[in-house]
Amino acid sequence: MPTSSSGTGQRPRSRAAAGLPALTADRIISAATTLTGERGLDNWTLRELARAVEAYPAVIYHHVGDRDAVVNAVVDRVVGLLELPGGDLPWQDWFTQLLASLRAVLRAYPGCARRLALFGPSVQAATRSIDAGIGVLLKAGFGRESVLAYNLLVMTACQFVAMEDDRDGALALRIDNTEAYAAYRERDDLPGMAELGSAMHDLMGDPDLAAGYYAQLYDYAVRRCLDGLAHRLGELREPDGEGLTAT
């Protein structure tokens, strides 16, 4: 926090006089993004952010706005970190690379995936990636369904990352559930549960397998979505293929 001059009733010293850098909206958003990387989007307060930039909360309001405004700015900043694949890739490879990059970025800033799944980024922040992604789908031949296909892929990705973020915050419950499911691995009367139990038992016995489980699940979800869209694209390319109209 800014320091005050000695002597009763004197005004607080300026940031420059206290040897502090000038406070800007960009500096505040950068600090909030750092806090998000360290704690998660929902686990810091505006007062804690003010302490991080050595200012009063009122200064945050002045430069950026309330906490929702800061959160929106953080999400936009995180979206801006996403690197887009080269435009010469086949559409499935393009989205495979994009969504792998998206998971890496969102996992570094827990909580942003859930916010994106619910509300999306601002138009300004999303324009670059939306235009590129829908453009790839238009070029592939999805036509008026390109927007639906894009939203399916990105929202599926965000929801799976959000699930992973949430599960990190409930490790004890996750472990208890895994052990409970593993106990079913020899139940011949419940073959489905036995199969799941065997898979959970393998996870419990192999730390490397357990560490990569959610990445594997994410990759599986992305690839199966792409498979489904590839099948749909084949239908659209048929002479009597019926595309959906835009809504």
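Everything numeric here is computed off the predicted structure, so don't read it as measured data. (Residues numbered from 1 in each chain as written. Predicted model: local features only at pLDDT ≥ 70, side-chain atom pairs only at ≥ 80, totals over all residues. Heavy atoms only, no water.)

1. Some remarks on the packing of aromatic side chains
(1) Moving on: Tallied over the full model, the rule gives four aromatic pairs.
(2) Moving on: Between Trp91 and Phe142 the ring centres are 5.1 Å apart and the planes differ by 80 degrees, which places this aromatic pair in the edge-to-face class. Taken together, the residues span a long stretch of sequence, with Trp91 in helix H5 (residues 91-107) and Phe142 in the loop between helix H7 (123-140) and helix H8 (146-168) at a distance of 51 residues.
(3) Moving on: When the ring of Phe95 is compared with that of Tyr150, the centres are 6.3 Å apart and the planes differ by 65 degrees; the resulting orientation is edge-to-face. On the criterion of sequence distance, the pair formed by Phe95 in helix H5 and Tyr150 in helix H8 is long-range, its members being 55 residues apart. Each of the two residues, Phe95 as well as Tyr150, counts as buried.
(4) Moving on: These aromatic residues form a ring-pair network of at least three members: Trp94, Phe95 and Tyr150. (Phe/Tyr/Trp six-rings, centres within 6.5 Å; stacked < 30°, edge-to-face > 60°. Helix = DSSP H or I, 4+ residues; strand = E, 2+ residues; numbered from the N terminus. Buried < 20%, exposed > 50% of the residue type's maximum accessible area, 1.4 Å probe, protein only.)

2. Considering the side chain of Ser146
(1) Moving on: With respect to the helices and strands, Ser146 occurs in helix H8.
(2) Moving on: Among the polar contacts made by the side chain of Ser146, one reaches the main-chain amide nitrogen of Leu138 at a distance of 3.4 Å.
(3) Moving on: When sequence neighbours within four positions are dropped, the list of residues in contact with Ser146 reads Ile134, Leu137 and Leu138. (Polar contact = N/O pair within 3.5 Å; in protein donor to acceptor, adjacent residues only side chain to side chain. Contact = heavy atoms within 4.5 Å.)

3. Here we look at the layout of surface pockets
(1) Moving on: In this structure, the second largest pocket occupies an estimated 330 Å³ of space.
(2) Moving on: In terms of lining, the second largest pocket is formed by 22 residues, of which the most central are Leu116, Pro121, Tyr150, Val154 and Met155.
(3) Moving on: Those elements giving two or more residues to the lining of the second largest pocket turn out to be helix H4 (67-79), H5, helix H6 (112-119), H7 and H8.
(4) Moving on: Its residues assigned to classes, the lining of the second largest pocket comprises 18 nonpolar, four polar and no charged. (1 Å grid on protein atoms, 1.4 Å probe; cavity = no way out; pocket = protein on both sides within 12 Å on 5 of 7 lines; lining within 4 Å. Points joined across faces, edges and corners; volume = space filled by probe spheres on them. Nonpolar A, V, L, I, M, F, W, Y, C, P; charged D, E, K, R; others polar.)

4. What to know about the UniProt feature "DNA-binding region" (unreviewed entry) in the protein chain
(1) Moving on: UniProt records the feature "DNA-binding region" (unreviewed entry) at residues 45-64, using the numbering of this structure.
(2) Moving on: Each end of residues 45-64 is marked by a C-alpha atom, and these two atoms are 14 Å apart; helix forms 70% of the span and strand 0%. (UniProt positions renumbered as here; feature names shortened; annotations may be inferred.)

5. Details of the packing of H4 against H6
(1) Moving on: Running from N to C, H4 and H6 point in directions that differ by 100 degrees, and their axes come no closer than 10 Å. Looking at the two axes, H4 sits roughly perpendicular to H6. Residue-level contacts link Asp68, Val71, Asn72, Val74, Val75, Val78 and Val79 of H4 to Cys112, Arg115 and Leu116 of H6.
(2) Moving on: Looking at the contact of H4 with H6 residue by residue, the classes come out as seven nonpolar, one polar and two charged. (Axes fitted to C-alpha atoms, helices over the stretch in contact; angles between N-to-C directions. Parallel < 35°, antiparallel > 145°, perpendicular 65-115°, else oblique.)

6. Some remarks on the environment of Ser101
(1) Moving on: Relative to the helices and strands, Ser101 resides in helix H5.
(2) Moving on: For the pair Ser101 and Pro85, spaced 16 residues apart in sequence, the C-alpha to C-alpha distance is 9.1 Å.
(3) Moving on: Discounting chain neighbours no more than four positions away, the residues touching Ser101 are Leu82 and Glu83.

7. Here we look at the pattern of salt bridges
(1) Moving on: All chains considered together, the criterion is met by 12 salt bridges.
(2) Moving on: Close ionic contact of Arg107 with Glu164 constitutes a salt bridge, the shortest N to O distance being 3.3 Å. A residue pair is termed long-range when its members are at least 10 positions apart, and Arg107 in helix H5 and Glu164 in helix H8 qualify at 57 residues.
(3) Moving on: We classify Arg107 as partly exposed; its relative accessible area is 24%. (Salt bridge = Lys/Arg side-chain N within 4 Å of Asp/Glu carboxyl O.)

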